[in-house]
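# Descriptive structure summary
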Amino acid sequence: MNRTFALIALAAGLSASAASAQTHYFTQGATLYSTSNNGATVSSVGITFGGNAVTISSLAFDPSGNLWGGTTQNGNIYRINTITGVATATAIPQLGGQSNTFDFRQNGSVLEAIIFTNNGGGNSTIQIRNAATGAVILAPTAASQGFNPGTPASAYV
């Protein structure tokens, strides 16, 4: 019985250590926040593109650990430096819409961006693009339109 308790305590100790080592990111307006040590430390940096503040509405990490952010200001998706907040333009074209959510998957040597665009009024689409070139892999079709705008893209992937 003592051994079982020790193993549970050890496992709990490992889980707590692993969780405290993680950094989580979130945005509010044009500010990127990071929190670690289970929320004990919060840091922030302004997000800029070309020296101008960029309001980011959605975030996703690609499989290589790069942080990407989408904005409804112009529909662009940017790669964001988590230390400086500098946003870099990507080949993914302007998406438009009231909100864009996205995720990434590695398909062989191609990094694919899976993008959900809510244009309001039930006019929502899903598309897949090559993240490096912006080339369309799967274009929005009648079958990928009209989803509930309140449902995030991850529910369809």
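Just so it is clear, the structure is predicted and the values come from calculations on it, not from any experiment. (Residues numbered from 1 in each chain as written. Predicted model: local features only at pLDDT ≥ 70, side-chain atom pairs only at ≥ 80, totals over all residues. Heavy atoms only, no water.)

## Here's the deal with the nonpolar core
- If you look at the biggest cluster of nonpolar residues, it comprises eleven residues: Ala60, Trp68, Ile77, Ile92, Leu95, Phe102, Phe104, Leu111, Ala113, Ile115 and Ala131.
- Of all elements in the fold, only strand 10 (99-107) and strand 11 (110-118) reach the threshold of two or more residues within this core.
- With three residues, the top contributor of residues to this core is strand 11.
- Residues within four places of alanine 60 in sequence aside, it is in contact with Asn66, Leu67, Trp68, Phe102, Asp103 and Phe104.
- The next biggest cluster of nonpolar side chains, apart from the first, holds nine residues, and it includes Val45, Ile47, Leu67 and Tyr78. (Core = buried A, V, L, I, M, F, W, Y, C linked by side-chain atoms within 4.5 Å. Buried < 20%, exposed > 50% of the residue type's maximum accessible area, 1.4 Å probe, protein only. Helix = DSSP H or I, 4+ residues; strand = E, 2+ residues; numbered from the N terminus. Contact = heavy atoms within 4.5 Å.)

## Side note on the pairing of strand 7 (residues 67-70)
- What you see with strand 7 is no split at all: Leu67 and Gly69 on one side and Trp68 and Gly70 on the other are buried throughout.
- Sheet analysis places strand 6 (residues 58-61) next to strand 7, joined by four bridges and oriented antiparallel. Along strand 7, the bridge assignment pairs phenylalanine 61 with leucine 67.
- What sits between strand 6 and strand 7 in their antiparallel hairpin is a turn of five residues, with glycine 65 showing a positive phi close to 95°.
- Taking the residues between adjacent antiparallel strands as the criterion, strand 7 and strand 8 (residues 77-80) are bridged by six residues, where glycine 75 takes a positive phi near 80°. (Pairing = 2+ DSSP bridges.)

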